[in-house]
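# Structural features, examined
The residues making up each chain are set out below.
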Amino acid sequence: MEKRTRVRFAPSPTGPLHMGGVRTALYNYLYAKKHGGDFLIRIEDTDSRRFVPGAEKYIIDSLKWCGIIPDEGVDENGNVVSVPSPKHPHAPYRQSERKGIYRKYAEQLVETGHAYYAFDTEEDLDRMRKECESRGETFIYNWQNRASLVNSLTLPPSEVAKRLQDGHEWTVRFKCPENRTIRMHDLIRGDIEVNSSIVDDKVLWKASDGLPTYHLANIVDDHLMDITEVIRGEEWLPSLPLHYMLYEAFGWKEVQPRFAHLSLLLKPSGKGKLSKRDGDKLGFPVFPLKWIGEDGTVTRSYREDGYYPEAFVNMLALLGWNPGTEQEIFTMDELINAFSLDRVVKSGARFNPEKAKWFNEQYLRKQSTSDLVAQFREVAGENLKGFSDGYVGKVCELVRERVHFVNELWGQSSFFFEAPAEYDPASVAKFWNDATDKSVVPALAEFICTVEPFTKEELEKRIPEWVASHSAPDDRKALGRNMNTLRLFIVGASNGPSIADIIILIGKDEFLKRVGNAVKILK
Ligand code: GLU
């Protein structure tokens, strides 16, 4: 029988999740759903020195905002599950709460000869590292030197037993075989081979805090949680030979998960990895949600910048994966349907902040008018008070194509809700200095209010006729100039949708009032 697909996102709560991490979670989620399987969250918090308060909640909140909902590991209230239940049979899902599980696995490896106890102190190791550095070499603890170091391979058993009892610092290290070819397979990169001689005897367990290291806990948990595919960042590829050897040493080779390592996200320049600091440095968000650092700095984020989570997810999905078609806009369900690991790129994916905005713009265009009105009200607050949904909706329709974000709507439409408080000096100088125009424009405004029917089509037909009959025959710029002056009077600047649209929406009274005001102020 085919095994049920089970994948996991296994973040370490060492800080806010960067968009690369969200992408890893997303690809896991899409893969699980595509294959009708489960998506789990597991918190890998065995390195207490790197623990950051609030990071776990941040990670879970971020996934929730994105619509990446775990099947297992986190309950409906967003809490990491500690007590097993039919829905969460592998609880606890925080490694720090699974402490009791790992030691026996470390010991099993010592008993079967795949690992050993090492008694070198931090100071010993530091000294050896420095000695090596002074000779221009790098210290690696492995087959070359383990026979001359202080460990259970070199000490008599009685001494080992004594040291394990008497509070000595000790660790369990993997006994990496010498000169074996490790043959691995990656679902994205294909076959990979590494000679085991270059792999070091990694620490699997530390007596100092009674905790496993990442490598041991990760392998044991993936096994116990029946994980079928491990989809994670490329930074873990160097650990893959060790992980293969660990599965073999435990006798789990036949049931070990398959692996896929995702390439890095690159800076917009394409040079180097997109880092957590790039957002603030280069002026775009790299974090899904706002994060307030220990020093009080607030990072820029997709949510606070005004992105729709659907647009963010859509953009992320295509950052390193392509559907093999021209389609760019995908709902989550469409992504699930289309996703496959063999279309994930091997090379780094360059992040394009302009394209990110483009995605948001596409989603903004797709909003229904009533949704857009509600969103606009949320960001514009008091400014829209007293205006009906119908009116705000018409404004949204006129300006929605001019913005990327809902929070840009006000800047493009404030003149529909309030008369301009000032007039752009450059436009004034350009359009309000011709003596003839000064008498013609107010008359044009009066004329406009007499046009029947008062529709866009009729205005666009009658205004040019009127201007032509009120200007010199060779003055071909009169229409443009007069329209720009009117725009200046009602908008305060030279931007905005068509004049006819604005006049019809604000109404004749307001229109005439603004013209009168402007003429008075600019005289
Ligand atoms: N805890 C690791 C991380 O934060 C997970 C690596 C893995 O998925 O195996 O990246």
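Residues numbered from 1 in each chain as written. Predicted model: local features only at pLDDT ≥ 70, side-chain atom pairs only at ≥ 80, totals over all residues. Heavy atoms only, no water.

### Considerations on the environment of Val379
- Position of Val379 relative to the elements: it lies in helix α13 (residues 369–380).
- Distance in space between the C-alpha atoms of Val379 and Ile503 is 25 Å, their sequence separation being 124 residues.
- The contacts of Val379, once residues within four sequence positions are left out, are Val406 and Asn407. (Helix = DSSP H or I, 4+ residues; strand = E, 2+ residues; numbered from the N terminus. Contact = heavy atoms within 4.5 Å.)

### A look at the pattern of salt bridges
- Evaluation of the coordinates by the stated rule reveals 45 salt bridges.
- We note a salt bridge from Glu44 to Arg42, for which the minimum N-O separation is 2.8 Å. Each member of the pair, Glu44 together with Arg42, is buried.
- Several salt bridges share partner residues, and in doing so they unite Arg8, Arg42, Glu44, Arg98, Asp221 and Asp222 into one network. (Salt bridge = Lys/Arg side-chain N within 4 Å of Asp/Glu carboxyl O. Buried < 20%, exposed > 50% of the residue type's maximum accessible area, 1.4 Å probe, protein only.)

### Quick notes on helix α6 (residues 214–224)
- Among the 11 residues of α6, 9 are classified as buried, and the element is accordingly described as predominantly covered.
- Along α6, the residues that are buried comprise Tyr214, His215, Leu216, Ala217, Asn218, Ile219, Val220, Asp221 and Asp222.
- Buried positions along α6 lie against β1 (6–9), α3 (99–111), β7 (203–206), β8 (211–212), β9 (229–233) and α7 (240–250).
- A positive backbone phi angle near 55° is found at Asp226, which sits one or two residues after α6.

### Structural notes on the packing of aromatic side chains
- Scanning all chains against the criterion turns up 29 aromatic pairs.
- With a centroid separation of 6.2 Å and 65° between ring planes, the pair formed by Phe376 and Phe417 is classed as edge-to-face. Pair noted here: Phe376 is in helix α13 and Phe417 is in the loop between α15 (409–413) and α16 (425–431), with a separation of 41 residues, a long-range link.
- In this structure Phe417 comes out as buried when scored by relative accessible area, which is 10%.
- One residue, Lys366, lies across the ring of Tyr363, its end atom 4.4 Å from the ring centre.
- The lysine or arginine in question, Lys508, covers the ring of Phe454, its NZ or CZ lying 4.5 Å from the ring centre. (Phe/Tyr/Trp six-rings, centres within 6.5 Å; stacked < 30°, edge-to-face > 60°. Lys NZ or Arg CZ within 6 Å of the ring centre and 35° of its normal.)

### Notes on the packing of helix α17 (residues 435–448) against helix α18 (residues 456–469)
- Orientation of α17 relative to α18, taken along the N-to-C sense of each, is 145°, at an axis distance of 11 Å. Between α17 and α18 the crossing geometry is right-handed. Where α17 abuts α18, its residues Val440, Ala443, Leu444, Phe447 and Ile448 lie against Leu459, Arg462, Ile463, Trp466 and Val467.
- Considered class by class, the residues forming the contact of α17 with α18 number 9 nonpolar, no polar and 1 charged. (Axes fitted to C-alpha atoms, helices over the stretch in contact; angles between N-to-C directions. Left-handed = near helix turned anticlockwise from the far one by under 90°. Nonpolar A, V, L, I, M, F, W, Y, C, P; charged D, E, K, R; others polar.)

By themselves, these are just geometric observations and shouldn't be taken as functional.
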